[in-house]
Amino acid sequence: DQALLADLTLNFDPFTINILKNEFKMRNGALTLVEFVTLIKEHLLNWQPELPFRDKKLTRILVMLFDEIDLNGNELLEWDEFTNYIIEKATVLNNIKNKSDEIKSYTPVTLKIGHKFSNLIVKTVYIKELDRLAVLEEESDIIYFISPETG
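Residues numbered from 1 in each chain as written. Predicted model: local features only at pLDDT ≥ 70, side-chain atom pairs only at ≥ 80, totals over all residues. Heavy atoms only, no water.

Novice: How do you make sense of unusual backbone geometry when you look at a structure like this?
Specialist: Peptide bonds are mostly trans, and most non-glycine residues show a negative phi. Positive phi outside glycine occurs at Phe-53, with the angle close to 55 degrees. Of note, Phe-53 is situated in the loop between α3 (33-43) and α4 (54-69). When its relative accessible area of 66% is taken as the criterion, Phe-53 is described as exposed. (Helix = DSSP H or I, 4+ residues; strand = E, 2+ residues; numbered from the N terminus. Buried < 20%, exposed > 50% of the residue type's maximum accessible area, 1.4 Å probe, protein only.)

This is the structure:
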């Protein structure tokens, strides 16, 4: 189940995250377990379609995911809990996958980002599977996905 959970976590693309953000807003910033499982299942129709007993396993994994994300244990999943989890988990999973490339060379670039941030950037994570930088601004519930090539 942990391998499936890791794979599932990496399948939250920018489009799905944007839809989820709107769903969180419509529900006063939080989802119950049933709302979360139902909503995510609607947006992961193409995830592991050949998996035996897919629906049952997906439901079990989504319940595990909800429990793992609900840090304050109030049985409501808040937007901040969700976004923090996705960014942290993607970072950890990318670090594990890239362990063989531990020593990397970095070169400065003159990349101009098309968005002007109003507040301090508190987190930036490169998500290899999306080839995007996930950027979280202080006091914001928006995750910006930026192309490392074009900004």
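Novice: Please explain the pattern of salt bridges as it appears in this structure.
Specialist: Side chains that carry opposite charge are capable of pairing whenever their charged atoms lie near each other. For the coordinates displayed, the defined rule picks out four salt bridges. In this structure, Arg-27 engages Glu-23 in a salt bridge whose closest nitrogen and oxygen atoms are separated by 2.4 Å. Linking Arg-27 and Glu-35 is a salt bridge whose minimum nitrogen-to-oxygen distance equals 3.4 Å. Sharing partners across several salt bridges, the network here consists of Glu-23, Arg-27 and Glu-35. (Salt bridge = Lys/Arg side-chain N within 4 Å of Asp/Glu carboxyl O.)

Novice: I would appreciate a short explanation of the sheet that holds strand β4 (residues 132-137) in the present structure.
Specialist: Hydrogen bonds between backbone atoms are what pair the strands of a sheet, whose relative direction is either parallel or antiparallel. Read from one edge to the other, the open sheet built from three strands follows the order β3-β4-β5, with strand pairing classed as antiparallel. The open sheet has two edge strands with one neighbour each: β3 (121-127) and β5 (143-146). Here the strands of the sheet are splayed against their neighbours by 20 degrees on average, with no regard to which way each runs. (Pairing = 2+ DSSP bridges. Axes fitted to C-alpha atoms, helices over the stretch in contact; angles between N-to-C directions.)

Novice: Is there a simple way to think about the pairing of β5 in this case?
Specialist: It is a general feature of regular strands that their side chains alternate between the two faces of the sheet. Summarising the sheet, β4 and β5 pair through four bridges and their orientation is antiparallel. Directly across from Leu-136, in β5, lies its bridge partner Ile-143. Where β4 folds back onto β5 in an antiparallel hairpin, the turn is made up of five residues, including Glu-139, whose phi is positive at roughly 60 degrees.

Novice: Any chance you could explain empty space enclosed by the protein here in plain terms?
Specialist: Think of a ball as big as a water molecule: rolled over the atoms, this probe shows where empty space is left. Taken as a whole, this structure holds one cavity of 30 Å³ or more when the rule is applied. Taken as a whole, the largest cavity holds about 50 Å³ of empty space. Lining the largest cavity are Thr-9, Leu-10, Phe-12, Ile-17, Ile-86, Ala-90, Ile-127, Leu-130 and Phe-145. Split by residue class, the lining of the largest cavity holds eight nonpolar, one polar and no charged. (1 Å grid on protein atoms, 1.4 Å probe; cavity = no way out; pocket = protein on both sides within 12 Å on 5 of 7 lines; lining within 4 Å. Points joined across faces, edges and corners; volume = space filled by probe spheres on them. Nonpolar A, V, L, I, M, F, W, Y, C, P; charged D, E, K, R; others polar.)

Novice: Quick question: what am I supposed to make of the packing of helix α2 (residues 14-26) against α3 here?
Specialist: In the contact formed by α2 and α3, the axes pass within 11 Å of each other and the chain directions differ by 150 degrees. Taken together, α2 and α3 sit at an angle that is classed as roughly antiparallel. In the crossing of α2 with α3, the sense of the turn from one axis to the other is right-handed. For the pair α2 and α3, contact is made by Thr-16, Ile-19, Leu-20 and Glu-23 and by Leu-39, Ile-40 and His-43, respectively. (Parallel < 35°, antiparallel > 145°, perpendicular 65-115°, else oblique. Left-handed = near helix turned anticlockwise from the far one by under 90°. Contact = heavy atoms within 4.5 Å.)

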